[in-house]
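Breakdown of the fold
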Amino acid sequence: MITVTAFRWVPPLAQGLVRDFRVRWALEEAGLRYQEKLIGLGQDQASEEYRRQQPFGQVPVYEEEGLTLFESGAIVLHIAEKSEVLMPREPAARARAITWMFAALNSMEPHIWSFVAVDSFFANEEWAKLRRPSALQLAEKRLDELATWMKGREWLEDRFTAGDLLMSSVLRILRNTDLLAARPALEAYRQRCEARPAFQKALADQLAPFAKYAPPKA
Ligand SMILES: N[C@@H](CCC(=O)N[C@@H](CS)C(=O)NCC(=O)O)C(=O)O
């Protein structure tokens, strides 16, 4: 049986974005059943036992008979190799799908997080106010470039792959901004990805424990 480690609860700002979501979505697309192992923020992350599974104390961790993996991108790739829904078999198409997986995590996500950090998480800090214009400029540049690529396309390549799964998961981080709405090609692409039944199921499954384990309101 496959096991995915996720957080029992996170603050609303992070709900639906925690990276076990990408793994859950990939598993749903691949039609693979899994069980979740829920851990708490803090102590559970710091335990020696957990650090042996995830050196940085983060989620997700993926366990399968005889194999433990961390890093959501590597996990999604591992799952994608098991399913043609996520990864074409033809070698060139496979290489292109993997290229887009890296592009999502390496060329898009750092700029998107840099912006969201100053726009949302640290918005009231003086340093964040100073940093915001240049972070916005860098994020917008990447978004514009991706929007140009997406014009007239349904998916990043000629069919849905794990590249789209990761790219749309990264675009989702901007959900509290108007940056996607300002780029209709990207907004339509995000919606197309999120309309997939596997996405909906994975999201509901990540959110369920958050409702169950929500701390009592002060
Ligand atoms: N590159 C890692 C990042 C994992 C990561 O940032 N996990 C976050 C949740 S999305 C986490 O566990 N944060 C808690 C912490 O860093 O203490 C991956 O993709 O798996």
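This text goes with the structure placed above it.
For clarity, every value in this text was computed on a predicted model and none was experimentally measured. (Residues numbered from 1 in each chain as written. Predicted model: local features only at pLDDT ≥ 70, side-chain atom pairs only at ≥ 80, totals over all residues. Heavy atoms only, no water.)

Reading across the sheet, the 4 strands line up as β2-β1-β3-β4 and stay open at both edges, with mixed pairing between neighbours. Both edges of this open sheet fall to β2 (34-39) and β4 (67-70), since each of them pairs with a single strand only. In this sheet, neighbouring strand axes are inclined to one another by 20 degrees on average, regardless of whether the strands run parallel or antiparallel. (Pairing = 2+ DSSP bridges. Helix = DSSP H or I, 4+ residues; strand = E, 2+ residues; numbered from the N terminus. Axes fitted to C-alpha atoms, helices over the stretch in contact; angles between N-to-C directions.)

Relative to β4, strand β3 (residues 61-64) is paired through 4 bridges, and the arrangement is antiparallel. The residue bridging Glu-63 from the neighbouring strand is Thr-68, located in β4.

Quick look at the packing of aromatic side chains now. Applying the stated criterion to the full structure yields 9 aromatic pairs. Relative to Phe-160, the ring of Trp-155 has its centre 5.4 Å away and its plane inclined at 80 degrees; by these criteria the two rings are edge-to-face. Judged by its relative accessible area of 10%, Trp-155 falls in the buried class. Members of the aromatic cluster, joined through ring pairs, are Phe-21, Trp-25, Trp-155, Phe-160 and Phe-199. In this structure, Arg-172 is placed above the aromatic ring of Phe-21, and the distance from its NZ or CZ to the ring centre is 5.6 Å. Over the aromatic face of Phe-160 sits the side chain of Arg-196, whose NZ or CZ is 3.6 Å from the ring centroid. (Phe/Tyr/Trp six-rings, centres within 6.5 Å; stacked < 30°, edge-to-face > 60°. Buried < 20%, exposed > 50% of the residue type's maximum accessible area, 1.4 Å probe, protein only. Lys NZ or Arg CZ within 6 Å of the ring centre and 35° of its normal.)

Turning to its location among the elements, Ser-114 is positioned in helix α5 (residues 91-121). Assessed through its relative accessible area of 31%, Ser-114 is described here as partly exposed. Placed 53 residues apart in sequence, Ser-114 and Val-61 show a C-alpha to C-alpha distance of 24 Å. A polar contact of 2.9 Å, which involves the side chain of Ser-114, links it to the backbone oxygen of Pro-110. (Polar contact = N/O pair within 3.5 Å; in protein donor to acceptor, adjacent residues only side chain to side chain.)

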